[in-house]
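What follows is the residue order along each chain.
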Amino acid sequence: MFSILGRWGASGFYQRVTEAQRCSPEKSASFFSKMTYSWFSRIIILGYKKPLEREDLFELNEGDSSYIVCPIFEKQWRKEVLRTQERQKVKSSFHKEAHTRKPSLLRALWNTFKFALIQVALFKVLADVLSFTSPLIMKQMILFCEQRPDFGWSGYGYALALFVVVFLQTLILQQYQRFKMLTSAKIKTAVIGLIYKKALLLSNVSRKQFSTGEIINLMATDTQQLMDLMTNINLLWSAPFQILMAVSLLWQELGPAVLAGVAVLVFVIPMNALVANRMKKLKKNQRKNKDKQIKLLNEILHGIKILKLYAWEPSYKKKIIEIREQELEVQKSAGYLAVFSMLTLTCIPFLTRISLVHLEDFLNTEELLPHSIEANYIGDHAIGFINASFSWDKTGIPVLKDLNIKIPEGALVAVVGQVGSGKSSVLSAILGEMEKLKGIVQRKGSVAYVSQQAWIQNCILQENILFGSVMQKQLYERVLEACALLPDLEQLPNGDQTEIGEKGVNISGGQKHRVCLARAVYSGADIYLLDDPLSAVDVHVAKQLFEKVIGSSGMLRNKTRILVTHNLTLLPQMDLIVVMESGRVAQMGTYQEILAKTKNLTNLLQAFSEQETAHALKQVSVINSRTVLKDQILVQNDRPLLDQRKQFSVRKEKIPVGGVKFSVILKYLHAFGWLWVWLNVATCLGQNLVGTGQNLWLSTWAKEAKHMNDFTEWKQIRSKKLSIYGLLGLMQGLFVCSGAYVVTRGSLAASRVLHAQLLDNVLHLPLQFFETNPIGQVINRFTKDMFIIDMRFHYYIRTWVNCTLDVIGTVLVIVGALPLFILGLIPLVFLYFTIQRYYMASSRQIRRLAGASHSPVISHFCETLLGVSTIRAFGHEQRFIQQNKEVVNENLVCFYNNVISNRWLSVRLEFLGNLMVFFTAVLTVLAGNSIDSAIVGLSISYALNITQTLNFWVRKACEIEANAVSIERVCEYETMDKEAPWITSKRPPSQWPSKGIVEFVDYRARYRDDLGLALQDITFQTHGEEKIGIVGRTGAGKSTLSNCLFRIVERSGGKIIIDGIDISTIGLHDLRGKLNIIPQDPVLFSGTLQMNLDPLDKYPDHELWEVLELCHLKEFVQSLPKKLLHEISEGGENLSVGQRQLVCLARALLRKTKILILDEATASIDFETDNLVQTTVRKEFSDCTILTIAHRLHSIIDSDRVLVLDSGRITEFETPQNLIHKRGLFFDMLTEAGITQDLGAKNK
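Residues numbered from 1 in each chain as written. Predicted model: local features only at pLDDT ≥ 70, side-chain atom pairs only at ≥ 80, totals over all residues. Heavy atoms only, no water.

Overview of the overall build of the protein chain
Here comes step 1: Scanning the protein chain for helices and strands turns up 43 helices and 21 strands.
Here comes step 2: When burial is assessed residue by residue, the protein chain has 58% of its 1244 residues classed as buried.
Here comes step 3: The contacts of the protein chain with a sequence gap of at least 6 include a subset with a gap of at least 24, amounting to 83%.
Here comes step 4: As presented, the protein chain carries roughly 51100 Å² of accessible surface, and 58% of it is formed by carbon and sulfur atoms. (Helix = DSSP H or I, 4+ residues; strand = E, 2+ residues; numbered from the N terminus. Buried < 20%, exposed > 50% of the residue type's maximum accessible area, 1.4 Å probe, protein only. Contact = heavy atoms within 4.5 Å. Areas by Shrake-Rupley, 256 points an atom, 1.4 Å probe, with all protein chains shown as cover.)

Here's the deal with helix α3 (residues 41–49)
Here comes step 1: With seven of nine residues buried, α3 is to be regarded as a mostly interior element.
Here comes step 2: The complete set of buried residues in α3 reads Ser41, Arg42, Ile43, Ile44, Ile45, Leu46 and Gly47.

Points about the side chain of Thr84
Here comes step 1: Counting through the fold element by element, Thr84 comes out in helix α4 (residues 66–94).
Here comes step 2: Here Thr84 is in contact with Arg101, Lys102 and Pro103, once residues within four sequence places are set aside.

As for the packing of aromatic side chains
Here comes step 1: Counted under the stated rule, the structure contains 29 aromatic pairs.
Here comes step 2: Measuring from centroid to centroid gives 5.2 Å for Phe210 and Phe362, while their planes differ by 80°, and the two rings are edge-to-face. With Phe210 in the loop between α7 (204–209) and α8 (212–232) and Phe362 in helix α13 (residues 343–363), the pair connects residues that are 152 residues apart, well separated along the chain. We note that Phe210, like Phe362, is buried.
Here comes step 3: Centroid distance Trp312 to Tyr316: 6.5 Å. Interplanar angle 35°. Geometry classified as tilted.
Here comes step 4: Residue Trp312 is classed as buried on the basis of its relative accessible area of 4%.
Here comes step 5: Put simply, the rings of Phe163, Phe167, Phe911 and Phe918 pair up and form one aromatic cluster.
Here comes step 6: Above the face of the Tyr316 ring, Lys319 is positioned so that its terminal group lies 5.6 Å from the ring centre.
Here comes step 7: Seen from the ring of Phe467, Arg519 lies directly overhead, with NZ or CZ sitting 5.1 Å from the centre. (Phe/Tyr/Trp six-rings, centres within 6.5 Å; stacked < 30°, edge-to-face > 60°. Lys NZ or Arg CZ within 6 Å of the ring centre and 35° of its normal.)

Focus: unusual backbone geometry
Residues other than glycine predominantly adopt negative phi, and peptide bonds predominantly adopt the trans conformation.
Here comes step 1: Cis geometry marks the peptide bond from Trp992 to Pro993, where omega comes out at -10°.
Here comes step 2: Tracing the backbone through its elements, the reader meets Pro993 in the loop between α33 (933–971) and β10 (998–1005).
Here comes step 3: Of note, the phi angle at Arg1047 is positive, near 60°, even though the residue is not glycine.

Let's talk about a nonpolar patch on the surface
Here comes step 1: Together, Phe662, Leu666, Trp674, Trp678 and Val681 make up an exposed nonpolar region whose accessible area comes to about 520 Å².
Here comes step 2: Among the elements that take part in the nonpolar patch, helix α25 (residues 674–706) stands out by supplying three residues, more than any other.
Here comes step 3: Of note, Phe662 is situated in helix α24 (residues 662–672).
Here comes step 4: Judged by relative accessible area, Phe662 falls into the exposed class, the value being 56%. (Patch = residues over 30% accessible without salt bridge, like charges linked within 9 Å, V, L, I, M, F, W, Y side chains within 5 Å. Salt bridge = Lys/Arg side-chain N within 4 Å of Asp/Glu carboxyl O.)

Brief notes about the nonpolar core
Here comes step 1: Tyr668, Leu1045 and Ile1058 are the most contacted members of the largest nonpolar core, which has 183 residues in total.
Here comes step 2: A per-element tally of this core places helix α6 (residues 153–199) first, with eight residues.
Here comes step 3: If sequence neighbours within four positions are ignored, Leu1045 has contacts with Val998, Phe1000, Ile1056, Ile1058, Ile1063, Leu1071, Leu1075, Ile1157 and Leu1187.
Here comes step 4: Within the second largest apolar cluster, 82 residues are counted, among which are Leu171, Ile172, Val807 and Leu923. (Core = buried A, V, L, I, M, F, W, Y, C linked by side-chain atoms within 4.5 Å.)

A few points about the environment of Leu530
Here comes step 1: For Leu530, the position within the fold is in strand β6 (residues 527–531).
Here comes step 2: Between the C-alpha atoms of Leu530 and Val415, which are 115 residues apart in sequence, the distance is 9.9 Å.
Here comes step 3: With near-sequence residues (within four places) excluded, Leu530 lies in contact with Leu427, Val450, Leu517, Ile550, Ile562, Leu563 and Val564.

What about the packing of α3 against helix α30 (residues 821–866)?
Here comes step 1: At a closest axis distance of 7 Å, the pairing of α3 and α30 adopts a crossing angle of 80°. Viewed along their axes, α3 and α30 adopt a mutual orientation that is roughly perpendicular. The residues of α30 that touch α3, namely those facing Ile43, Ile44, Gly47 and Tyr48, are Arg837, Tyr838, Tyr839, Ala841 and Ser842.
Here comes step 2: When grouped by side-chain class, the residues that make up the contact of α3 with α30 number six nonpolar, two polar and one charged. (Axes fitted to C-alpha atoms, helices over the stretch in contact; angles between N-to-C directions. Parallel < 35°, antiparallel > 145°, perpendicular 65-115°, else oblique. Nonpolar A, V, L, I, M, F, W, Y, C, P; charged D, E, K, R; others polar.)

Considering the sheet that holds strand β8 (residues 576–581)
Here comes step 1: The six strands lie next to each other as β5-β6-β7-β3-β8-β9, forming an open sheet whose pairing is mixed. Looking at which strands have only one partner, the edges of the open sheet turn out to be β5 (447–450) and β9 (584–589). In this sheet, neighbouring strand axes are inclined to one another by 15° on average, regardless of whether the strands run parallel or antiparallel.
Here comes step 2: Judged from the five bridges that link them, β8 and β9 form a sheet pairing that is antiparallel. Paired with Val579 across the bridge in β9 is Gln587.
Here comes step 3: Packing of helix α14 (residues 423–431) onto the sheet brings it into contact with β3 (412–417), β5, β6, β7 (560–564) and β8, and relative to β6 it is tilted by some 150°.
Here comes step 4: Lying on the sheet, helix α18 (residues 509–523) is in contact with β5 and β6; it crosses β5 at an angle near 175°. (Pairing = 2+ DSSP bridges.)

Regarding the pattern of salt bridges
Here comes step 1: Considering all chains together, one arrives at 42 salt bridges under this definition.
Here comes step 2: Linking Asp760 and Lys317 is a salt bridge whose minimum nitrogen-to-oxygen distance equals 2.8 Å. Of this pair, Asp760 sits in helix α26 (residues 711–764) while Lys317 sits in helix α12 (residues 313–337), placing them 443 residues apart in sequence.
Here comes step 3: Classification of Asp760 as partly exposed rests on a relative accessible area of 25%.
Here comes step 4: Put simply, Lys543 and Glu547 hold a salt bridge, and the shortest N to O gap is 3.6 Å.

Here's the deal with the confidence of the model for the protein chain
Here comes step 1: In this model, the protein chain carries a mean pLDDT of 80, and residues with pLDDT of at least 70 account for 85%.
Here comes step 2: Below pLDDT 50 for its whole length, residues 2–21 participates in 36 contacts with residues either more than four positions away or in separate chains.
Here comes step 3: In the model, residues 607–650 has pLDDT below 50 throughout and makes 99 contacts with residues more than four positions away in sequence or in other chains. (pLDDT = per-residue confidence, 0-100.)

What about the environment of Val1143?
Here comes step 1: Tracing the chain through its elements places Val1143 in helix α39 (residues 1137–1150).
Here comes step 2: Between the alpha carbons of Val1143 and His1112 there is a distance of 9.8 Å; along the sequence they are 31 residues apart.
Here comes step 3: Those residues within four positions of Val1143 in sequence are excluded, and the remaining contacts are Leu1084, Leu1089, Leu1093, Leu1113 and Leu1135.

Quick notes on the packing of α6 against α30
Here comes step 1: Orientation of α6 relative to α30, taken along the N-to-C sense of each, is 20°, at an axis distance of 10 Å. Considered as vectors, α6 and α30 are oriented roughly parallel to each other. In terms of crossing hand, the pair formed by α6 and α30 is left-handed. Contacts from Ile195, Tyr196 and Ala199 of α6 reach α30 at His860, Phe861, Thr864 and Leu865.
Here comes step 2: Class assignment for the residues of the contact of α6 with α30 results in five nonpolar, two polar and no charged. (Left-handed = near helix turned anticlockwise from the far one by under 90°.)

What about the pairing of β8?
Here comes step 1: Taking burial as the measure, the six residues of β8 include five buried ones, the bulk of the element.
Here comes step 2: For β3 and β8, the ladder comprises five bridges, and the chain directions are parallel. Bridge pairing in β8 places Val415 opposite Val578.
Here comes step 3: In this antiparallel pair of consecutive strands, β8 and β9, the connection spans two residues, and Ser582 shows a positive phi of 55°.

Focus on the sheet that holds strand β13 (residues 1051–1058)
Here comes step 1: Spatially, β11-β10-β13-β14 is the arrangement adopted by the four strands of the open sheet, whose pairing is antiparallel. Pairing within the sheet leaves two strands with one partner each, and these edge strands are β11 (1015–1021) and β14 (1061–1062).
Here comes step 2: With six bridges connecting them, β10 and β13 associate as antiparallel partners. By the bridge assignment, Val998 is partnered in β13 with Ile1058.

Some words on helix α37 (residues 1101–1110)
Since there are 3.6 residues in each turn of an α-helix, residues three or four apart along the chain are aligned in direction.
Here comes step 1: Regarding α37, the residues found buried are Leu1104, Trp1105, Val1107 and Leu1108. Burial along α37 is one-sided: seen end-on, the buried residues are contained in an arc of 165°.
Here comes step 2: Where α37 ends, the next residue or the one after it, His1112, has phi of about 60°, a positive value. (Arc of directions from axis to C-beta.)

Observations regarding the environment of Val125
Here comes step 1: Along the chain, the position of Val125 falls in helix α5 (residues 105–147).
Here comes step 2: The exposure class assigned to Val125 is partly exposed, which follows from its relative accessible area of 31%.
Here comes step 3: Taking the C-alpha atoms as reference points, Val125 and Gln242, 117 residues apart in sequence, are found 9.6 Å from one another.

Written out as structure tokens, the structure reads:
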């Protein structure tokens, strides 16, 4: 058992655990080693000598892994669902209005884990029986001391028997704890697996019911609550069993007098039932608040760039704090109720029932119906719609109506139409993502899908493209070349082995779309659904993608391709064109047929602009030889550079090593409030002094009563003794209640302060942090780490203080009765602290590894929810389920090692406590007649108590340090580099900027100190109200320029002056609040349309309607039932991407300032809407300075001047006409887009 003290030698060198050794040696260990957990000593020693890493930990036993547990539970859940459905059918046949009964999660869990739970219960029964054997032996020892027979060996026999019983109890209790914790962890794992699988199958109706934040909360909080139930469920029968055994033993000693105690117990239980009922209501409220907080936090973190650009952080911070205050109010009520001693026992089933209901609601929600589409159709066409109508939910308004489309195999089909006409919905209907109201949908073969908003995984670029397929080198290289990715790979730090961050944050928008297209091409599917992948890339890249991938000579030429597009120049090359209008097919046919039959396409082409129409009526391939030659030169020499801001490597979560600094504990105590800290110590001290006083008083009373022969004399002192004893009991009760109040007040203060600091620190972090760190890491701190601070840490500290005082009191009592006890105590204390030191080093690091391993679970889950339509389209659900099992299993490995390390410690500490009991018992035998039997009873009962107390004391000390890791993680962001202050003492005038003159003076900027300059020697000045177009190839520095204007990226040299004020001298919010931007990615938040337009609630309704009319959204919003109060779903998913972009335009029109930046703002909308937007912008912002970054060169051709960037430098800055005459880089770009020919024709 104590092999840790010197085994492996004292050389100080350590041995890394080998791969073979990492397999848990538990199965092959001896019986004694299993019972004492000696097989785990290797990890404890290794952890003492060096910080443990994941590779050092033992793997799970095969039967405990998620790979085995999840499939077994899923099978039982399916059985439960089928059983419930059958019962419901039988009931319905008798009662037409039979109550619908949901499948029971609890029953499915019981059927899966019943044998493990029964095994746990048996261990608990044995431990409980042994716990009542000790008092019986102690009774015999007291009788022995009273009678003092001549033969004293029986006393030593009792001492030995007591030691054997308590040691057996220790071994059995620790086996109970081990099996209990691992069984509860397996239950949590099984439910997480089921939640994940369900999330992949949710219909759109269900996704509206459960936001991403709520589903994350199900996985993070409710599964934990279920785990806590399984951890404590044995208390429901064990506590009554222990009460009955105690009452029966007391009856033998006290007779009917014990009924008084039973009466009090009977009175208290209903009171606790009422408290539990109140706790249930509080828990429901708490659950709602947590859901709201995580949902909003998730959206804030994903839309952090918009918050920073619009200086909205204080507004959203206020929203989070409001929800947090509601949460703390509930926590305060729960804290006051915690005074009742049996509260935990009584509340377990009530509190967990809420989580069970939420989990069952989620698991029984509606799934996508696979049979709504004939996916295995074997007819003569690839895709067919026969009189089909679709909605986003069964009761909703049809979004697509009476579709009758037949698409031949191998055809290239274009779907065109205005914003909101139903183009993307057609693809969703083919994928089975919509509710089919009527008709037939047919689909032949496998599908590959490229969504309008690129979905990128947080893994290396190669894995993003392969997407689970086997590597075929030739095909892979052809795909990279066709999708124009080879030049980008040359610029990436590690080529195709570069890790791509969450949502593709370290690559550009165009690169993301090309990676998604490459993923689809590599899959080798039969049908390709392409939702406008060309709009996010430069014109010349779009041309290459069409020619080499999508078009008649591309890699997909023999495949069925359905392309949603706004690029009408491509229509002449289509085999079939589908024109959508208000959810219906307005026209369908070849280009020539539609042109001959209707004006619809002509109208669209006219909206595309006169220049583009002229170009569209020609064949796209008709380009003069000079353009072809120029294009070849560009491919060779002018490959697009990777934007320098994307060269960040994605950071893995940092795992601290070494001891937790005492400053971390001090930080918590400071947040707790020193007044509450000292009051807490005082109440603990008072509680323990009074408790010890009660026991001593009772012992003295018993001693005096024993020597009284006259009953009258005893009766005379009874009232006095009883009154004092009752007063001490009352005082102890007051100290307990006061302690609960003090702890609640202090813990609320600490929770409030630390949460506010965390939120403030996160919102002040620079945008680069969010681009290089997974969002799951941040959410993990707001969920798991804050949960420990809210609910557990104060409990650990108070318990430790109580234990410390209890240990001191116990030692003083025993030493007072048996002074020789001090001789045995000293070596035992030395052993205690030696074992604790070894354990602490390992346990602390295992806890840290466990904390870090939880973040990937949340990150992978969030990533899956964002890309669920792509995963389903490719049919890769099973692969992602397997990935989820892998990340969950990693977390389970850390948990397993943590559980075993705790058991390892407990066995050894309790063994030392058992020695202490034995030593006390032997001393009482040796003391002979010099010690009273009452003192013997008190000393041995205290010694029996100290076994648990000392163990608890060491455990809580370890828990404090291990859980202080959560405070460490929450405070980690405090030391990171922050943005500049939001507000400074120097503030610009309220009307600034009044002219809108922007001046860059010798400006230089880099994204990181170890990277080169992203912008260098930038010097130019705009005039007031001037319209500037900013162009350049990918990575030229266009977006960096706008980032510098908003100080998202700070200067490395030079300065930016706006209307005479150097922007580096004022606060960020004073700057950003005076600038306006319509960003490339249209980010909306869940909430009302009104809130998305005006989150600060500054403008009246009539102004909102005015801007909606200007953005051509008024008619659409008026058609909605709730109009401005229309609920926007998470991420704006119930609006098309084009509509989202128009909402962003409306937002900008409301916030009218003298300077507007358009950052590729019309990439996601059709050319007709683009034209309307450009017209609106020109009219409404005519008195403003406008800087336009654009892919579509026709949108900046009428600018006053054009700024041309190349490799972070200004190469040209003139009027468009002068630049065309110069025939420089701008002219080359126009030529590639085919615009110069049209301009020439127009000039003629």
